[in-house]
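# Remarks on the overall topology
Read off the chains here:
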Amino acid sequence: MGLDSTNFDATASFDTEVAEFARATAGLAEERLATVIALAEMSARGDRIDRVQSENRAALNHLLAC
C-alpha cells in the first residue's frame, strides 16, 4: 500500500487555511482593541468638553449675576 500524496496536499492546504484564519482572527482582535481604545479616548474627550462647558456656563452665570 503506497502513500497517497493527495492526502498530504489536502492536509497541508487545510493547515494553511487554519493558519490564515488564525492570522485574520488576530488581525480582527487587534482592530477591535484599537476601536475600543479610540472610543474610550473619545469618551474621555467628551467628558472633558462637558466639564469645561459646565465650568464656562458657571463662570458666565457668575459674571452675569454681578
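Our structure is the block above this text.
The text that follows walks through the structure, step by step, so that each part is easy to find. Here the structure is a predicted model, which means the values were calculated and not measured.

### Examining the overall build of the chain
Broken down by element type, the chain carries one helix and zero strands. Taken across its 66 residues, the chain has 0% of its residues classed as buried. About 6,000 Å² of surface is accessible on the chain, with carbon and sulfur atoms providing 63% of the total.

### Brief notes about the pattern of salt bridges
Under the definition given, this model contains one salt bridge. Between R51 and E55 there is a salt bridge, and its shortest N-O distance comes to 3.6 Å. Residue R51 and its partner E55 are located together in helix α1 (residues 5–65), separated by four residues, close to a single helical turn. For E55, a relative accessible area of 45% puts it in the partly exposed group.

Conventions adopted
- Residues numbered from 1 in each chain as written.
- Predicted model: local features only at pLDDT ≥ 70, side-chain atom pairs only at ≥ 80, totals over all residues.
- Heavy atoms only, no water.
- Helix = DSSP H or I, 4+ residues; strand = E, 2+ residues; numbered from the N terminus.
- Buried < 20%, exposed > 50% of the residue type's maximum accessible area, 1.4 Å probe, protein only.
- Areas by Shrake-Rupley, 256 points an atom, 1.4 Å probe, with all protein chains shown as cover.
- Salt bridge = Lys/Arg side-chain N within 4 Å of Asp/Glu carboxyl O.

These results come straight from atomic positions and should not be treated as a statement about function.
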